[in-house]
Structure formats: C-alpha cells, structure tokens
Amino acid sequence: MDTKYSGQRQAKNASDITYVTGWCYQNQLNGLRTGAPHVLPDPNSLPPGVDPAAVREQELTRGGFVPSPGRHATAYLYRARQGPRWTRDGIRTIANDDVAPHWLNGRTEGARPQASMPRKYPRLSASKGDAVSNLRTLFHNQDTAIGVTVCTDPMPYFLRNADGDDLFFVHDGEGVIETEFGPLGLERGYYVWIPRGTLYRIVPDSPQLYMFHIENYGERFQKPDTGITGDAALYYHRNIQVPTACYDLSDGAYTVLVKQAGAFTAYEFDHHPCDVIGWDGDLAPFRFNAEDFKPITSWRAHIPPSAYCTFLGDGFEVCTFAPRPVETGERSLPVPFDHINHDRDEVIFFHEGLFFSKDKSEAGAMTFHARGFSHGPHENALQRALDRRDAEGGYMLDGYAVMVETNLPLTVSPWAESVEETDYPNSWRR
Ligand SMILES: [Fe+2]
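Residues numbered from 1 in each chain as written. Predicted model: local features only at pLDDT ≥ 70, side-chain atom pairs only at ≥ 80, totals over all residues. Heavy atoms only, no water.

**Digging into the domain arrangement of the protein**
Just so we agree on the cut-off: Residue ranges for the domains trace back to a domain assignment, done automatically or taken from a database. The contact criterion used is simple: two residues touch if any of their non-hydrogen atoms lie within 4.5 Å. Here the quantity called buried area is the accessible surface, traced with a 1.4 Å probe, that two parts lose on coming together, added over both. Throughout this description, the term salt bridge denotes a Lys or Arg side-chain nitrogen within 4 Å of a carboxyl oxygen of Asp or Glu.
Each assigned domain of the protein is listed here: domain 1 (14-31 + 72-290) and domain 2 (295-429). Between the C-alpha centres of domain 1 and domain 2 the distance comes to 27 Å. Each side of the interface is counted separately: domain 1 has 51 residues, and domain 2 has 51 residues. Across the interface of domain 1 and domain 2, roughly 4700 Å² is buried in total on both sides, 66% from carbon and sulfur atoms. Its largest share of buried area at the contact with domain 2, domain 1 owes to Pro 118, Lys 120 and Tyr 121, together 17% of the area lost on that side. Summed over the shared surface of domain 1 and domain 2, the result is four salt bridges.

Here it is as structure tokens:
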C-alpha cells in the first residue's frame, strides 16, 4: 500500500509520557486559556508558532449532538490548522487486502451456522507487519469483533476507525499509541481504549508487540454499576489515565485512513494531522492497568465472573480475572461451577499464570465457549485446587485473563478455524 508518513513520533517511549487521571476528566487545555467549550482559546495563551486566525474548534461526539445520559459525550479539539483542505483527487479507496486482510467487520460479515462446542486457539506467531495489517479477527457479531494482533513495525499512516471503538489489551511487548489527543503508553497489562473516530497510530518499541483487540460497534463503554459496593469498587476513576495534548505543527506528506463499514479510504494531508493544541470535554482515549482492578471475592462462595466486569459495552462486557484469594469456607468450591450458558457466548484470553479452571492455559492462547453446552472446570484443575487448599489452607489465585461475554452469538472467522486446536473438546476426558 502506498502511504506517506514523515513526522516525528509523539513520545520517545512509553515511560516518557505524562497523564491526567479520571474517567471523564475535563479541561485538558494544555495551558491554553478559554472560558468554555465553543469559545476559542485566548490568543495570548497559544503556543509559539500558532496563527490565532487559523485556530478552529472541532467536535468529536458520541450519541450525536443530543444530550442523553450515559450516551452523549463530546471532545472539543482545538486545532492549529484550518479545516479540511483535501481535494477529491486526494481521496482514494484501498482494498482491505492491502491494509488489514484479516480484520473483519461484525456489522457487515453476517453470521454463519457452526457447531456449538468448546474451541481453543494457540498464541499467534509473530510476523513482520504493523498492528493493523497483522490484526486477526477470530470472532464477530453485530456488537463486537474480537481478535489479536502481533506487530513488529509502526503503522505507516494514521487511522480513524469510524466503525467502532478499539480496545487493546497489551499482552506482551511495549510501544506508544499516538493519538490526536496526545500519546498513550502501550505497556504490558494495560487496557487502551480509543473512541470511535479518534485518529491514531501504533508504534511498537519492542521486537514484537502482542495485543488482544476488541472492537465495539455500540455506544461508548461504561463502567459497570457497582451498586451496593460503591463508586470506588472494582476500580476508581483515578485509575483511568488520559493523555495530555501533544501536537506537531510541521508540514509534510501524511496519509490518514478512514475505516467505515470495513472499507478503507485514504486521505492525503500536507501537514501533520496531530495539530490539536488543547482539548476539552468528557470524551477521550484512556488507558487502565489491569493491576488496578480490585476483584470482589467471598470466602464462602464462588463469585461468578460478572463481578469482574471492567468495561460494559452494548451487548457484551469485558471482564478481568485478576489475583484474588481462593475460597476457603467449608465445602466451598475453589473453581467455577459447571454451567450451561443458555444466552451468552464467552471468549477468554489467557494473559499470565495458570487459569484456575483449566488443566493448562498457555499465555496468549484463547478459548471460545459458545452457548448451549455444559462446561466447567477440568477435573484435574479441581483436584489441583483442592489438594493445594488442603496443603496450604488459603492461597492466592494469581495471573490474569481477559474475558468477553456477548449477548448475541459469535461467528468464528475462517482464520480462527484455520488455527483451531481441534483436540480441545477432548480435554475434559483426560
Ligand atoms: Fe464458561
């Protein structure tokens, strides 16, 4: 694919970046003075080199322009450049095979009938490429597409995903995700959320950067209702890290790709597209460390994974299995109960450690349990837990895993079928 990128990167590495905190943190004006949204910054507060006559406000909205609780959100971006200056000649479509041959769009792919059975997939091998070209969708429905990417190279363009939010979970490696709001560090164990339509570019800083990926076609994620456990439960708004503005006012040749209905359109810019000198509002990309997730537990009864819900989407939720004490009450079950998901499909990505209900759970591997069949812990996982509890009394369940549970059935992609570990359904008989 013929793309252009001639800019400096936004941060030398992930540890260079500073953040502000808060789920809906406002007033990230980067030193600019303004009275309120829709009022341009005071010309006397602009950074050197910025032409006050060129500064424009741009809104990035969710839920349209109509306020509705829980839906509407807006970012007010103050740009140092005047509005779009592209020409029709500078707009071209690019074949999916040239950009992201294995990134499927759940809204347009449609469902395919398939057997309801346990499925497992190995850790993906690294291959040369960028985070988008190497992204593989394994499962999709009308609400979400779920996959992995392992990349070696920076994206040679910026992307605006107009189809959905991108939620990345960094499994291995390190890098920076540059956005028009400012950079976010990609570090092991962090979730990074990019709201739909946000311009971004992923730059790995390690030989390979391995990430679990969830694309959300519905409204923006919510923090789950923590009810009687209070606002600070599960995690606190201070655990959400939001970027500070970081802009590049240089001229040059840049390509911005827009993904819409699974198709890619390229726009050519003659200046760096990250020209936001300050931003305001309650919509922004953020990152969140899984180590800051505080699970709810009970010593007497196994708590179902709905208590681990971290991000609530429309039609699905993302849950974090984090270190927690094992149940120790008399006759309590130290592993999950056997269950039949009548109305939910579940995907688990194994990040670190031995998953408590599995005989083995290789880091980077994934399982998919569709609705309809009975499943539960492997027998040797139950015995392992009982033996350890007998020997040690209480102990900590360690390690991390990310689970996605969906309301609508998921369709398994052809790529996933090509790498499936077909012996997995037999693993309960060993
Ligand atoms: Fe299950």
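**Observations regarding the sheet that holds strand S8 (residues 158-161)**
Filter applied, for reference: When DSSP finds two or more bridges between two strands, those strands count as paired. Secondary structure counts use DSSP, requiring at least four H or I residues in a row for a helix and at least two E residues in a row for a strand, with both numbered from the N terminus. Axis definition: a line fitted to C-alpha atoms, over the contacting stretch in the case of helices. Angles run 0 to 180 degrees between N-to-C directions.
Overall, mixed pairing links the seven strands, which are arranged S4-S17-S16-S8-S13-S10-S11 in an open sheet. The open sheet has two edge strands, strand S4 (91-94) and strand S11 (184-186), and neither has a second partner. Ignoring which end each strand starts from, the neighbouring axes of this sheet average 30° apart. Taken together, the two bridges between S8 and strand S13 (residues 199-204) define a ladder with antiparallel strand orientation. Paired with Leu 159 across the strands is Tyr 200, a residue of S13.

**Some points on the coordination of the iron ion**
Quick note on the threshold: Coordinating donors are taken to be N, O and S atoms lying within 2.8 Å of the metal, or within 3.2 Å when the metal is Na, K or Ca; because water is excluded from the atom set, some sites may appear incomplete.
Around the iron ion, the protein supplies His 339 (NE2), Glu 346 (OE), Glu 346 (OE) and His 375 (NE2) as donor atoms, at distances of 2.0 to 2.4 Å. Coordination of the iron ion draws on donor residues from a single chain, spaced H-x6-E-x28-H in sequence. Linking His 339 in strand S23 (residues 339-340) with His 375 in strand S26 (residues 374-375), this pair joins segments that are 36 residues apart in sequence.

**Structural notes on the side chain of Ser 427**
Worth spelling out the cut-off: Between N or O atoms, a polar contact is any pair within 3.5 Å; within protein, one atom must be a potential hydrogen donor and the other a potential acceptor, and residues adjacent in sequence are included only when both atoms are from side chains.
Tracing the sequence through the fold places Ser 427 in the segment after helix H4 (414-419). Among the polar contacts listed, one links the side chain of Ser 427 to the backbone oxygen of Tyr 424, at a separation of 2.7 Å. Excluding residues that lie within four positions of it along the chain, Ser 427 makes contacts with Asp 359 and His 378.

**Focus: the nonpolar core**
For clarity, the threshold we go by: In this text, buried Ala, Val, Leu, Ile, Met, Phe, Trp, Tyr and Cys residues form a nonpolar core when linked through side-chain atoms within 4.5 Å. When accessible area is computed with a 1.4 Å probe and restricted to protein chains, residues below 20% of their type maximum are described as buried, those above 50% as exposed, and intermediate ones as partly exposed.
The biggest cluster of nonpolar side chains holds 70 residues, and the ones touching the most others in it are Phe 139, Tyr 191, Phe 212, Phe 311, Val 347 and Met 366. Counting residues per element, this core draws most heavily on strand S28 (residues 400-406), which supplies five residues. When residues of this core are assigned to domains, at least three fall in each of domain 1 (14-31 + 72-290) and domain 2 (295-429). Excluding residues that lie within four positions of it along the chain, Phe 212 makes contacts with Ile 146, Gly 147, Val 148, Leu 167, Phe 168, Phe 169, Val 347, Phe 349, Met 366, Val 402 and Val 404. Within the second largest apolar cluster, 29 residues are counted, among which are Ala 131, Met 155, Leu 159 and Phe 168.

**Examining the environment of Gly 227**
Its location among the elements puts Gly 227 in the loop between strand S14 (209-216) and strand S15 (241-243). Relative accessible area serves as the criterion here: at 48%, Gly 227 is assigned to the partly exposed category. Put simply, Gly 227 and Leu 283 are 56 residues apart on the chain and 24 Å apart in space, counted from C-alpha to C-alpha.

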